[in-house]
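# Descriptive analysis of the structure
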Amino acid sequence: MQKVLILDFGAQYSQLIARRVREQNVYCEVKPFSVTAQQVRDFAPIGIILSGGPQSVYAAGSPQVDPDLFTLGVPVLGICYGCQLIAHTLGGEVTAAQDDTAREYGKTRTVFDTSCKLFAGLREESVTWMSHGDYMAKVPAGFTLCAHSDACPTVGICDETRGFYGVQFHPEVNHTEQGAEILHNFLYAICGAVGDWTMADYRQTAIRSIRETVGTGRALLALSGGVDSSVAAALMAEAIGSQLTCVFVDHGLMRKDEGDEVEAAFSKWDIHFVRVNAEGRFLGKLAGVCDPETKRKIIGEEFIRVFEAEAKKIGAVEFLVQGTIYPDVIESGLGNSAVIKSHHNVGGLPDYVDFKQIIEPLRMLFKDEVRQLGRELGLPEYLVMRQPFPGPGLAIRVIGDITKDKLDTLREADFIFRDEVAKVGYDRQMNQYFAVLTSMRSVGVMGDGRTYDYTLALRGVTTTDFMTADWARIPYDLLDRVSTRIVNEVRGINRIVYDITSKPPATIEWE
């Protein structure tokens, strides 16, 4: 399988580049900028993409790349910071843009030299998305200019002899009109990609790898009933059959009736299914805890401890299987990138785990790729397209300290929201929607009396990869019905707000 390597320079959304590459049927991985040229050589990529980043390449302590990277004979594409890094490393000059000259942000009219392989077949002029305050004052020897804007003459540079290309704009974002075509040119015309990354191939490769790893051993799978763990269960079941036990931990943080629904759904599968009721255990550990990172780490550790206990009951279980996916890994911190939130199954894991090995067969897949794999495995569409639900459950949808009363209040409100949305079929218009019980209380009036109750936030988003998302434009009349029902039917809530923030700058979940 051909591979492309993406080096991350602290850009919070380097994974968006990865998504765009994989959409072109080319496999890729994101790794920190600090990898050595030898490590890159061992990875054997057909091409390298250098991401954007928040720093200036000429600043002390800014992330740099192993210079030998440019001696490997592998095509390189630099994006924004990555473009400037190519210039800086190979003898050019990068400076802060003076006044407004060459400083560009947002949609920008850009002109391309279509004789350059990177822009072959494109319209000569279109809109790109810029976000840079630095300027390539001098390009390295051997490079020519291949794109410009009204403000910046060095929007694109190339050394076609060595296969080095750089662009100041971001082809990975949808705002760049011909971004997909530019990446396609780099992958196919420059790197020689053949498009051999498919879910059918991944399925077979993953099954072989699982069988080689597990051998004749036994595995315990952490089953939440969500898309990721369900697909992981189907994949593991196909690979090792009766050697697999799926354990569903009901931690008391599920949505209304969800524990029973998960048990009913998986009782129909030909797998060994175990349900563990651990509400008291989890709520006891979470009592008085307000910090979301601490919540995640407590839940991550308790999951492991419950799985360890169940493994001892089963006997001779060596492997723990998790439905970890690529966004979990990236958001939990990749190299020098900031930790957005420690996912309970990645950054929330305890230092010691009493299993021989943790198997994560979906670790390198994005959410939409997981759904594709689920279809390859023959899972029903209702399960493949099930709405995501975080492993920590309602613990991260109750802001502040957690009590059973708050959880019960949120369960009822969230059920009403989901019920009203489903009644009118609007659930098919959103990729995720839920309620959040905030820690804010405010004055209200009900039955001519004063109330001082909680504010409930509603959240709905549309997305393809869950790495970026837009807030859903839910019809006002639907929001009105939801608000009326919740205030009338759920005690302790007297105000409803709707979250109209996209990701970024927000995340989909509140904590």
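Residues numbered from 1 in each chain as written. Predicted model: local features only at pLDDT ≥ 70, side-chain atom pairs only at ≥ 80, totals over all residues. Heavy atoms only, no water.

## Observations regarding the packing of aromatic side chains
Remark: the centre distance and the inter-plane angle together describe each pair of aromatic rings, the angle taken between the planes. The criterion, for reference: Two rings from Phe, Tyr or Trp (for Trp, the six-membered ring) form a pair when their centres are within 6.5 Å of each other. A pair whose planes differ by under 30 degrees is stacked, one over 60 is edge-to-face, and the rest are tilted. Numbering goes from the N terminus for both helices and strands, where a helix is a DSSP run of H or I of at least four residues and a strand is a run of E of at least two. Whether a residue is buried, partly exposed or exposed follows from its accessible area with a 1.4 Å probe, protein chains only, as a fraction of its type maximum: under 20%, in between, or over 50%, in that order.
Summed over the entire model, instances satisfying the criterion amount to 15 aromatic pairs. Between Tyr326 and Phe366 the ring centres are 5.4 Å apart and the planes differ by 70 degrees, which places this aromatic pair in the edge-to-face class. Within this pair, whereas Tyr326 is found in helix α10 (residues 326–331), its partner Phe366 is found in the loop between β16 (357–359) and α11 (367–376), the two being separated by 40 residues in sequence. Phe366 matches Tyr326 in its accessibility class, with the two residues each being buried. Here the aromatic rings of Trp471 and Tyr498 are separated by 6.4 Å at their centres, their planes lie at 75 degrees, and the arrangement is edge-to-face.

## Some points on the confidence of the model for the protein chain
How we decide: What pLDDT expresses is the predictor's confidence in each residue, scored from 0 to 100. Only heavy atoms enter the contact rule, under which two residues are in contact if any of them lie within 4.5 Å.
Confidence in the prediction for the protein chain averages 89 pLDDT; 93% of positions are at 70 or higher. Confidence, expressed as mean pLDDT per element, reaches its minimum in the protein chain at α10 with 75 and its maximum at strand β3 (residues 47–50) with 98. Low pLDDT, under 50, characterises residues 336–348; the stretch is placed with 54 contacts to residues that sit more than four places away or in other chains.

## Details of the nonpolar core
As a reminder, the rule being used: What makes a nonpolar core is a set of buried Ala, Val, Leu, Ile, Met, Phe, Trp, Tyr and Cys residues whose side-chain atoms join them at distances within 4.5 Å.
One finds Leu118 and Phe119 to be the most contacted residues of the largest nonpolar core, which totals 128 residues. Of the residues forming this core, the biggest block, 9 residues, is contributed by helix α6 (residues 227–240). Residues in contact with Phe119, not counting those within four places in the same chain, are Phe112, Asp113, Thr114, Cys146, Ala147, Val167, Phe169, Ile182 and Asn185. Counting 25 residues, the second-largest nonpolar core is a separate cluster that includes Val76, Met136, Phe143 and Phe164.

## A look at α11
For the α-helix, the turn length of 3.6 residues means that residues three or four positions removed from each other point alike. Counting buried residues along α11, 7 of its 10 residues qualify, which places the element largely inside the surrounding structure. When α11 is considered as a whole, its buried residues turn out to be Lys367, Asp368, Glu369, Val370, Arg371, Leu373 and Gly374. On the buried face of α11, the contacting elements are α1 (14–23), α5 (199–214), α6 and α12 (381–384). Immediately beyond the C-terminal end of α11, within one or two residues, lies Gly378, with a positive phi of roughly 85 degrees.

## Things to note about the pattern of salt bridges
Counted only if it meets this: The rule for a salt bridge is simple: a side-chain nitrogen of Lys or Arg has to be within 4 Å of a carboxyl oxygen of Asp or Glu.
According to the stated counting rule, one finds 38 salt bridges in the structure shown. A salt bridge links Asp408 to Lys404; the shortest N-O distance between them is 3.1 Å. Remark: Lys404 and Asp408 occur in helix α13 (residues 404–423); sequence separation between them is 4 residues, near one turn of the helix. Salt bridges sharing partners connect three or more residues here, namely Arg19, Arg20, Arg22, Glu23, Asp368 and Glu369.

## Here we look at the side chain of Lys295
For Lys295, the location among the structural elements is in helix α9 (residues 292–314). On the basis of relative accessible area, Lys295 is assigned to the buried category, the value being 0%. Contact partners of Lys295, with chain neighbours within four places excluded, come to Leu286, Val289, Cys290, Ala395, Val398, Ile399, Gly400, Ile402 and Glu511.

## So, unusual backbone geometry
With an omega of -10 degrees, the peptide bond running from Lys503 to Pro504 counts as cis. Take Pro504: it is sitting in the segment after β20 (493–498). With an omega dihedral of 15 degrees, the bond running from Pro504 to Pro505 counts as a cis peptide bond. Structurally, Pro505 can be placed in the segment after β20. Non-glycine residue Asp257 carries a positive phi angle of around 65 degrees. When you line up the elements, Asp257 lands in the loop between β13 (244–250) and α7 (258–266). Taking the relative accessible area as the measure of exposure, Asp257 reaches 45% and is therefore partly exposed.

## Describing the sheet that holds strand β12 (residues 218–222)
Rule in force here: Should DSSP find at least two bridges between two strands, the strands are taken to pair. A fitted line through C-alpha atoms represents every axis, and for helices the fit uses only the stretch in contact; the resulting angles, taken between N-to-C directions, go from 0 to 180 degrees.
One open sheet accounts for 5 strands, arranged β14-β13-β12-β15-β16; its pairing is parallel. Only two strands of the sheet have a single partner each, and these edge strands are β14 (272–277) and β16. Each neighbouring strand pair of the sheet contributes to a mean axis angle of 30 degrees, computed without reference to strand direction. The sheet contacts of α6 involve β12, β13, β15 (317–321) and β16, and relative to β12 the element is tilted by about 165 degrees. Lying over the sheet, α7 contacts β13 and β14, oriented at roughly 165 degrees with respect to β14.

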